[in-house]
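Below are the chains, spelled out letter by letter.
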Amino acid sequence: MPSEPPANDPPPCDLVMKGGITSGVVYPRLIARLSEKYRFKNIGGTSAGAIAAAACAAAARAVAAGAAAGPAARGRTRSTRPSERIGPASCPSRSSAATG
């Protein structure tokens, strides 16, 4: 018999993203907002959407692994929610990456 999900577990969400530069620009913030209310189950996409899907899947997997270990086992108390890590603030700018 399948076990019941925890009461505080967010509902599952399937995510499919299309390609295109405009879509690629929008996806990071969209994924961050969706991750606040949903747990990603199946993630896929094409072109720029596939790149965003890969990043989303990696972040979701890291969150799941961290949640399984618990904060004490990870040795840190920093949030593991993708919505608090994904976005322009967490990415180095091109100018700083080129000079640094």
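Below is a short write-up of the structure. (Residues numbered from 1 in each chain as written. Predicted model: local features only at pLDDT ≥ 70, side-chain atom pairs only at ≥ 80, totals over all residues. Heavy atoms only, no water.)

When you go through the chain residue by residue, the secondary structure sums to four helices and two strands. Helices (α) and strands (β) of the chain occur, in sequence order from the N terminus, as β-α-β-α-α-α. For the chain, the residues scored as buried account for 22% of the 100 residues in total. Restricting the contact set of the chain to residue pairs at least 6 apart, pairs at least 24 apart contribute 68%. (Helix = DSSP H or I, 4+ residues; strand = E, 2+ residues; numbered from the N terminus. Buried < 20%, exposed > 50% of the residue type's maximum accessible area, 1.4 Å probe, protein only. Contact = heavy atoms within 4.5 Å.)

There is a patch of nonpolar side chains on the surface, built from Ile-21, Val-25, Val-26 and Leu-30 and spanning about 400 Å² of accessible area. Relative to the elements of secondary structure, Ile-21 occurs in helix H1 (residues 21–35). The exposure class of Ile-21 is exposed, given its relative accessible area of 71%. (Patch = residues over 30% accessible without salt bridge, like charges linked within 9 Å, V, L, I, M, F, W, Y side chains within 5 Å. Areas by Shrake-Rupley, 256 points an atom, 1.4 Å probe, with all protein chains shown as cover. Salt bridge = Lys/Arg side-chain N within 4 Å of Asp/Glu carboxyl O.)

This part is about the pattern of salt bridges. Under the definition given, this model contains one salt bridge. Ionic pairing is found between Asp-9 and Arg-39, a salt bridge with its closest N-O pair at 3.5 Å. A residue pair is termed long-range when its members are at least 10 positions apart, and Asp-9 in the segment before strand E1 (12–17) and Arg-39 in strand E2 (residues 39–45) qualify at 30 residues. Among the residues examined, Asp-9 registers a relative accessible area of 30% and is labelled partly exposed. For Arg-39, a relative accessible area of 35% puts it in the partly exposed group.

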